[in-house]
Amino acid sequence: MSGLGDLEREVMAQLWDAGEPLTVRQVHERLDPARGLAYTTVMTVLDRLAKKGVVTQQKADRAYRYAATQTREEMTAALMFDALSAAPDGAARDAALAHFVGRVGPDGAAALAAALKAAAGDR
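Thresholds, definitions, all that
- The residue count restarts for each chain, going from 1 along the sequence in the order it is written.
- With pLDDT at 70 or above as the cut-off, local features in this predicted model cover only qualifying residues; side-chain atom pairs require 80 or more to be listed or tallied, and sums for whole chains, interfaces and linings still use all residues.
- Hydrogen atoms and water are omitted, and side-chain values are computed over all heavy atoms in the structure.
- Elements are defined by DSSP. Helices are runs of H or I of four residues or more, strands are runs of E of two residues or more, and each kind is numbered from the N terminus.
- Two things to know: the radius of gyration comes from C-alpha atoms, and the globule rule equals 2.2 Å times the number of residues to the power 0.38.
- Only heavy atoms enter the contact rule, under which two residues are in contact if any of them lie within 4.5 Å.
- A 1.4 Å probe and the Shrake-Rupley method give the accessible areas. Residues count as covered only by the protein chains that appear here.
- A positive count includes Lys and Arg, and a negative count includes Asp and Glu. His and the chain ends are not counted in either.
- In plain terms, the charge of a residue is placed at NZ if it is Lys, CZ if Arg, CG if Asp and CD if Glu.
- When DSSP locates at least two bridges between a pair of strands, those strands are taken to pair.
- The angle between two axes is taken between their N-to-C directions and runs from 0 to 180 degrees, where each axis is a line fitted to C-alpha atoms and a helix contributes only its stretch in contact.
- Domain boundaries shown here were taken from an automatic or database domain assignment.
- Categorising residues by exposure relies on relative accessible area from a 1.4 Å probe, with only protein chains included: less than 20% of the type maximum marks a residue as buried, more than 50% marks it as exposed, and the intermediate range marks it as partly exposed.
- Counted as a polar contact is a pair of N or O atoms within 3.5 Å, where, for protein atoms, one must be capable of donating a hydrogen and the other of accepting one, and residues adjacent in sequence contribute only when both atoms are in side chains.
- Centres within 6.5 Å make a pair out of two Phe, Tyr or Trp rings, where for Trp the six-membered ring is used; the pair is then stacked when the planes are under 30 degrees apart, edge-to-face when over 60, and tilted otherwise.
- Definition used: whenever NZ (Lys) or CZ (Arg) falls within 6 Å of the ring centre and also within 35 degrees of the ring normal, the charge is taken to sit over that ring.

### Here we look at the overall build of the protein chain
When helices and strands are counted, the protein chain shows six helices and three strands. Starting at the N terminus and ending at the C terminus, the protein chain contains elements arranged as α-β-α-α-β-β-α-α-α. The C-alpha atoms of the protein chain give 18 Å as radius of gyration, which overshoots the globular expectation for 123 residues (14 Å, by more than 25%). Judged by the C-alpha coordinates and their principal axes, the protein chain covers about 50 × 30 × 25 Å. Across the protein chain, contacts joining residues at least 24 apart in sequence account for 45% of those joining residues at least 6 apart. Carbon together with sulfur atoms contributes 55% to the accessible area of the protein chain, which is approximately 8300 Å² in total. Averaging the positions of the 15 positive and the 16 negative side-chain charges in the protein chain gives two centres separated by 4 Å.

### Here we look at the environment of Asp17
With respect to the helices, strands and loops of the structure, Asp17 is situated in helix H1 (residues 6–18). Each C-alpha atom, one on Asp17 and one on Arg72, is 9.5 Å from the other, the two residues being 55 residues apart in sequence.

### Section: the sheet that holds strand E2 (residues 55–60)
Strand pairing within a sheet occurs via backbone hydrogen bonds; the two strands may be parallel or antiparallel. In space, the three strands of this open sheet follow the order E1-E3-E2, with antiparallel pairing throughout. Only two strands of the sheet have a single partner each, and these edge strands are strand E1 (22–23) and E2. Contacts from H1 reach E1, E2 and strand E3 (63–68), with the element oriented near 85° to E3. Against the sheet, helix H3 (residues 39–52) contacts E2 and E3, and its axis sits at roughly 115° relative to E2.

### Quick notes on the domain arrangement of the protein chain
By the assigned domains, the protein chain splits into domain 1 (3–68) and domain 2 (72–122). The C-alpha centroid of domain 2 is placed 29 Å from the C-alpha centroid of domain 1.

### Notes on unusual backbone geometry
Here the phi dihedral of Asp61 falls at roughly 60°; this positive angle occurs in a residue that is not glycine. Here Asp61 lies in the loop between E2 and E3. Using a relative accessible area of 78% as the deciding quantity, one classes Asp61 as exposed.

### Section: the side chain of Glu8
Tracing the backbone shows Glu8 in helix H1. Side chain to side chain, Glu8 and Lys52 meet in a polar contact 2.9 Å long.

### Focus on the packing of aromatic side chains
Taken as a whole and judged by the stated rule, the model has one aromatic pair. Plain terms: the ring middles of Tyr64 and Tyr66 are 6.4 Å apart, the flat faces sit at 55° to each other, and that makes the pair tilted. With a relative accessible area of 3%, Tyr66 lands in the buried category. Over the ring of Tyr64 we find Lys59, and its NZ or CZ is 4.9 Å from the ring centre.

So this is what it looks like as structure tokens:
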């Protein structure tokens, strides 16, 4: 995910894969032990993610449990939308979309076409 650092993305992946709120200790245990991350480092990352609004903190006894505020797909879509919104005008946005479609390959283009068709049917 763009907009998040490498360790933040790894922590988010653990939360998404778990499908339930996790404590700092649970996240720490699920991360690659070869990285040698300190418990306090994981705690700091989760605290920063909470301040960014990317995760929620839920008090559970003496610890907090952390959960993602959005699914992986929702966050990815929000990042894509933010990037497109940064275009200076409609023509630049359209050009960026055209470049994106050109880079996603046939399977990605088919998924986009299906999503557009479904969105048009919802209206």
